[in-house]
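# Fold and geometry: a report
Spelled out from the first residue to the last, the chains are:
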Amino acid sequence: DSGVTQTPKHLITATGQRVTLRCSPRSGDLSVYWYQQSLDQGLQFLIQYYNGEERAKGNILERFSAQQFPDLHSELNLSSLELGDSALYFCASSAGLLMVADTQYFGPGTRLTVL
Amino acid sequence: AQSVTQPDIHITVSEGASLELRCNYSYGATPYLFWYVQSPGQGLQLLLKYFSGDTLVQGIKGFEAEFKRSQSSFNLRKPSVHWSDAAEYFCAVVSDSNYQLIWGAGTKLIIKP
């Protein structure tokens, strides 16, 4: 158990809908990262938050957004969903700002299926 | 752009045999390199990482990796695999543009009894 929790475990929805994925980092970790893992694109970094502020962006679509709240939990919002958004979405957390200095701890993921 | 290549999609190894998983990266300077393992239905767990110094890095679960600059490689090894090592293994390098991880496609390790 990494200490990172993600809810829900599974999510099935329809095209055009909007969903929210939730992540609680390990106690004391200030950075939260979101990743997408799909069969065709593999693992991709989406976005990082550190202590409530956005710090780095990767291949995140404009239809996707995230935020980190004062209690440090984070939410990833996916809107106008398309079939291609079906994937496993991981959250990870680390203690500091620069992941090169820290270990990232991954949650178990949320599997999103868009029908 | 930086990239990470894991040339083997699947590798099958007998239990007790040695293992080497290949990883090649493209990067100009000294890279920051990682190996992660993803067990079925689980998140990713860090096995080991290389930043600088000794090119042979020891990790958890009996794994090690060797950084070879001349070959742009960071191969993962284990002298004797156990059935519990069956999983998918990912190599990653830190991007020099946004300091985030760039991932290889992964190698699925299958253990034969």
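Rules used throughout
- Residues numbered from 1 in each chain as written.
- Chains lettered and ligands numbered in written order.
- Predicted model: local features only at pLDDT ≥ 70, side-chain atom pairs only at ≥ 80, totals over all residues.
- Heavy atoms only, no water.
- Contact = heavy atoms within 4.5 Å.
- Buried area = accessible area lost by both parts, 1.4 Å probe.
- Salt bridge = Lys/Arg side-chain N within 4 Å of Asp/Glu carboxyl O.
- Polar contact = N/O pair within 3.5 Å; in protein donor to acceptor, adjacent residues only side chain to side chain.
- Helix = DSSP H or I, 4+ residues; strand = E, 2+ residues; numbered from the N terminus.
- Phe/Tyr/Trp six-rings, centres within 6.5 Å; stacked < 30°, edge-to-face > 60°.
- Buried < 20%, exposed > 50% of the residue type's maximum accessible area, 1.4 Å probe, protein only.
- Pairing = 2+ DSSP bridges.
- Disulfide = S-S within 2.5 Å.
- 1 Å grid on protein atoms, 1.4 Å probe; cavity = no way out; pocket = protein on both sides within 12 Å on 5 of 7 lines; lining within 4 Å.
- Points joined across faces, edges and corners; volume = space filled by probe spheres on them.
- Nonpolar A, V, L, I, M, F, W, Y, C, P; charged D, E, K, R; others polar.

### Regarding the interface of chain B and chain A
With 18 residues of chain B at the contact, the number on the chain A side is 20 residues. Of the roughly 1,500 Å² buried between chain B and chain A on both sides combined, carbon and sulfur atoms contribute 61%. Three residues stand out in chain B for area buried against chain A, namely Leu44(B), Gln100(B) and Trp103(B), and they jointly supply 35% of the buried area on that side. Viewed at the interface, chain A and chain B are joined by zero salt bridges. Inspection of the chain B/chain A interface yields two residue pairs in polar contact (both at pLDDT 80 or more). For the side of chain B that touches chain A, the elements supplying multiple residues, two or more each, are strand S5 (33-38), strand S6 (44-50), strand S10 (87-94) and strand S11 (101-103) of chain B.

### What about the packing of aromatic side chains?
For the structure shown, the criterion picks out 16 aromatic pairs over all chains. With centroids separated by 5.9 Å and ring planes inclined at 65 degrees, the aromatic side chains of Tyr35(A) and Phe45(A) adopt a geometry described as edge-to-face. Separated by ten residues along the polypeptide, Tyr35(A) in strand S4 (residues 31-38) and Phe45(A) in strand S5 (residues 42-50) bring together distant segments of the chain. Comparing Tyr35(A) with Phe45(A) shows no difference in burial state: the two are buried. Seen from their ring centres, Phe63(B) and Tyr89(B) are 5.6 Å apart, and the 45 degrees between their planes marks the pair as tilted. Remark: Tyr89(B) occurs in strand S10 and Phe63(B) occurs in the loop between strand S7 (56-58) and strand S8 (64-68); sequence separation between them is 26 residues.

### Quick notes on the pairing of S4(A)
Residues and elements named next belong to chain A. Of all eight residues making up S4, eight are buried, and the element is well covered by its neighbours. Judged from the eight bridges that link them, S4 and S5 form a sheet pairing that is antiparallel. Bridge pairing in S5 places Val32 opposite Tyr49. Linking S4 to S5, which pair antiparallel, is a turn of three residues. Direction of pairing for S4 relative to strand S9 (residues 87-94): antiparallel, over a ladder of seven bridges. What sits directly across from Val32, in S9, is Ser93.

### Digging into the state of the cysteines
Counted under the stated rule, the structure contains two disulfides over all chains. Across the disulfide from Cys23(A) sits Cys91(A); the S-S distance is 1.7 Å. Taking the sign of the S-S torsion, -45 degrees for the link of Cys23(A) and Cys91(A), the bridge is left-handed. In this pair, Cys23(A) is assigned in strand S3 (residues 19-24) and Cys91(A) in strand S9, connecting sequence segments 68 residues apart. Grouping residues by exposure puts Cys23(A) and Cys91(A) together as buried. Through a disulfide, Cys23(B) is tied to Cys91(B); the S-S separation comes to 1.9 Å. The sign of the -65 degrees torsion about the S-S bond sets the Cys23(B)-Cys91(B) disulfide as left-handed. Note that Cys23(B) is positioned in the loop between strand S3 (19-21) and strand S4 (24-26) and Cys91(B) in strand S10, a separation of 68 residues in sequence. Judged by relative accessible area, Cys23(B) falls into the buried class, the value being 0%. The buried category is assigned to Cys91(B), whose relative accessible area is 0%.

### Some remarks on the pattern of salt bridges
Applying the stated criterion to the full structure yields eight salt bridges over all chains. Between Arg26(A) and Asp29(A) there is a salt bridge, and its shortest N-O distance comes to 2.9 Å. Arg26(A) gets classed as partly exposed once you look at its relative accessible area, which sits at 25%. For Asp85(B), the salt bridge identified is with Lys78(B), shortest N-O distance 2.8 Å. You'll find Asp85(B) and Lys78(B) in the same group, each marked buried.

### Notes on the layout of surface pockets
For the largest pocket, the calculated volume is near 660 Å³. What lines the largest pocket is a set of 25 residues, and nearest its centre among them are Gln37(A), Leu88(A), Arg111(A), Gln38(B) and Glu88(B). Within the residue set of the lining of the largest pocket, elements represented by two or more residues are S4, S9 and strand S11 (110-114) of chain A together with S10 and strand S12 (107-112) of chain B. Ranked by the residues each element gives to the lining of the largest pocket, the list is headed by S10(B), at three residues. Taken together, the residues of the lining of the largest pocket break down into eleven nonpolar, ten polar and four charged.

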